[in-house]
Amino acid sequence: MKAVMATNNPNKLKEAREILAPLGIEVLSQQEAGAAVEPEENGETFADNAMIKAKAVFDVVHMPVFADDSGLCVDALHGAPGVHSARYAPKGQECDKLLREMQNVPDAERSAHFACCIAYIDENGSGTLSAACHGKIGYTQRGGNGFGYDPVFLYNGRTLAELSSDEKNAISHRGAALRLLYEVYQERYGKQDADK
Ligand code: IMP
């Protein structure tokens, strides 16, 4: 089956393809599907924003659409940057800013999690699915893979940017949420064949 990912973020698209293609789901970008939309993400929750994005694209393409809204929630910052993760700092400066804000936070209080909410819509209806990846904020940036806050997010002693894409996808918030999406698609459309 084919599904459109409602995103303008190439990193999210790449990860979704890596996770869903082996399960037999071909992920089209919204550009490939002909939906050049960029709705305002003015919801209060990850689920609100994911549904805003999914709906904007579904209204154009009328085929299965899913959207990812995600972010980093840092306990010492009372859950910030959270839904504002993409706007927390100018692009490429988010890790520097976070490390600055965390410079006096002791090791025991550096816990954080990535949250991912997937909203999906097709002719059978819509829904949302959530997953998280728990870890802690390091003291320096490490690793060259991934995107966003990956270089400062420690999972079992390594940052997500030090993991290969397969390693990240196996433990990430996005990987877990997209595997739940696969279960929904399997219920609705039957088992998919990766070789088709
Ligand atoms: P949005 O979902 O488009 O609002 O943006 C989510 C923002 O959260 C991204 O721009 C990243 O800064 C951050 N983020 C979400 N998922 C990840 C991830 O897997 N690694 C690193 N940063 C992430």
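Rules and cut-offs
Residues numbered from 1 in each chain as written. Predicted model: local features only at pLDDT ≥ 70, side-chain atom pairs only at ≥ 80, totals over all residues. Heavy atoms only, no water. Helix = DSSP H or I, 4+ residues; strand = E, 2+ residues; numbered from the N terminus. Buried < 20%, exposed > 50% of the residue type's maximum accessible area, 1.4 Å probe, protein only. Pairing = 2+ DSSP bridges. Contact = heavy atoms within 4.5 Å. Axes fitted to C-alpha atoms, helices over the stretch in contact; angles between N-to-C directions. Parallel < 35°, antiparallel > 145°, perpendicular 65-115°, else oblique. Left-handed = near helix turned anticlockwise from the far one by under 90°. Nonpolar A, V, L, I, M, F, W, Y, C, P; charged D, E, K, R; others polar.

### Details of unusual backbone geometry
Part 1 of the argument: Of note, the bond from Ala80 into Pro81 is cis; its omega dihedral lies within 30 degrees of zero at -5°.
Part 2 of the argument: As for its placement among the helices and strands, Pro81 is situated in the loop between β3 (65-74) and α3 (94-101).
Part 3 of the argument: Although it is not a glycine, His78 sits at a positive phi angle of roughly 55°.
Part 4 of the argument: With respect to the helices, strands and loops of the structure, His78 is situated in the loop between β3 and α3.
Part 5 of the argument: On the accessibility criterion, His78 (77% relative accessible area) is exposed.

### Here we look at the sheet that holds strand β1 (residues 2-5)
Part 1 of the argument: Taken together, the seven strands give an open sheet; going across it, the order is β2-β1-β3-β4-β5-β6-β7, and neighbouring strands pair in mixed fashion. Each edge of the open sheet is held by one strand with a lone partner, namely β2 (26-29) and β7 (158-159).
Part 2 of the argument: For β1 and β2, the ladder comprises four bridges, and the chain directions are parallel. By the bridge assignment for β2, Lys2 is matched with Glu26.
Part 3 of the argument: Strand contacts of helix α1 (residues 10-20): β1, β2 and β3, with the helix running at about 165° to β2, the strand carrying the most contacts.

### Focus on the packing of α1 against helix α5 (residues 173-189)
Part 1 of the argument: Their axes nearest at 10 Å, the elements α1 and α5 cross at an angle of 55°. The angle between the axes of α1 and α5 places the two elements in the oblique class. The hand of the α1/α5 crossing is right-handed. On the side of α1, the interface is formed by Lys12, Glu15, Ala16, Ile19 and Leu20, while α5 contributes Arg174, Gly175, Leu178, Arg179, Leu181 and Tyr182.
Part 2 of the argument: Looking at side-chain class alone, the contact of α1 with α5 contains six nonpolar, one polar and four charged residues.

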